[in-house]
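Listed below are the residues making up each chain.
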Amino acid sequence: MSAPFDSDRDLTDAPRVGGRQPPKDAATLILTRVRKGEAEVLMGRRAPGHVFMAAKWVFPGGRVDRSDFNAASANDLAAADLSRLIREVPVRRARALALAAVRETFEETGLLLAAPAPVASVAGSWREFRAVGALPDLAALSYVARAITPPGRTRRFDARFFMANARALLHPEPTAGSGELDEIAWLPLAEARTLDLPAITRFVLGEVSERLSHPTRPLPFVRMVRGRHVVEHQD
């Protein structure tokens, strides 16, 4: 089932530049918790100097790295989530997407969605993660949304959004991380919606709110079809 994307702001998040830039695989992690009976979500503001989405509030995430295809983990994705992903990509790539979401969140916020493990020395992007004595907890992830940046943008991503409860974190509060996000905070959902957000982030926030009450709802896939954004819902 599909429907038009209901925000005109999707076309102003990044200017059209022409060309046929292919989308790159990316993954995002939406961490949630409940404080004083109110749902909160972890978000960060991108530093003003960024070329892409400067000064916007976003969820932590980024591109899949080569090392994500071979990184170790404490466990595997839940069967239902893996089943959804492998409708779109091979198993190895599906796992790399999930690992990228965990790794990027650690790099940007210092938060570890992980299980304790012996310290290990590895090369590449997972060096710091493994050096603190942790293995990524893929079973804590739920695959909740997919979106492809429209054609003609300077940067395009085929982004998968994962969600996890903060109870799976090794510690609950973020650190400064890599500096890509100049402010990081746990925010009530209502407050988060008032921030300067990319259109897709605003859409996914609404999806998070619904999913907290209805965790088995169909997965939305946002993309441009014949010049219009549509949302296809997949069981």
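Fair warning: this is a prediction, and the values are worked out from it, not measured in the lab.

Reading the values: the criteria
Residues numbered from 1 in each chain as written. Predicted model: local features only at pLDDT ≥ 70, side-chain atom pairs only at ≥ 80, totals over all residues. Heavy atoms only, no water. Core = buried A, V, L, I, M, F, W, Y, C linked by side-chain atoms within 4.5 Å. Buried < 20%, exposed > 50% of the residue type's maximum accessible area, 1.4 Å probe, protein only. Helix = DSSP H or I, 4+ residues; strand = E, 2+ residues; numbered from the N terminus. Contact = heavy atoms within 4.5 Å. pLDDT = per-residue confidence, 0-100. Phe/Tyr/Trp six-rings, centres within 6.5 Å; stacked < 30°, edge-to-face > 60°.

Draft legend 1. Quick peek at the nonpolar core. Counting residues in each nonpolar core, the largest one holds 38 residues, and the members touching the most others are Leu-29, Leu-31, Leu-113, Phe-129, Leu-141 and Phe-162. Only β2 (24–35), α2 (91–109), β9 (157–165) and β10 (181–188) provide two or more residues apiece to this core. Top element by residues in this core is α2. It accounts for 9 residues. Not counting residues up to four positions away in its chain, the partners in contact with Leu-29 are Phe-59, Pro-60, Ala-101, Thr-105, Leu-113, Leu-141, Phe-162, Met-163 and Ala-164. Core analysis: the next-biggest nonpolar cluster, separate from the first, contains 25 residues, Phe-161, Met-163, Leu-187 and Val-231 among them.

Draft legend 2. Region of interest: the confidence of the model for the protein. Taken as a whole, the protein shows an average pLDDT of 87; of its residues, 87% reach a score of 70 or greater. Here residues 1–15 scores under 50 on pLDDT; set against residues more than four positions off or in separate chains, the count is 42 contacts.

Draft legend 3. Unusual backbone geometry, seen in detail. Of note, the phi angle at Lys-36 is positive, near 55°, even though the residue is not glycine. The topology assignment puts Lys-36 in the loop between β2 and β3 (38–46).

Draft legend 4. Spatial organisation of the packing of aromatic side chains. Scanning the model with the defined rule gives 3 aromatic pairs in all. Centre to centre, the rings of Phe-106 and Phe-129 are 5.2 Å apart; their planes meet at 75°, and the pair counts as edge-to-face. Here the residue Phe-106 occupies a position in helix α2, and Phe-129 occupies one in helix α3 (residues 127–131), the gap between them amounting to 23 residues. On the basis of relative accessible area, Phe-106 is assigned to the buried category, the value being 13%. When the centroid spacing of 5.6 Å and the interplanar angle of 35° are considered together, the rings of Tyr-143 and Phe-162 count as tilted. One end of the pair, Tyr-143, is in strand β8 (residues 142–148); the other, Phe-162, is in strand β9, with 19 residues separating them in the sequence. Phe-162 carries the same exposure label as Tyr-143, and that label is buried.

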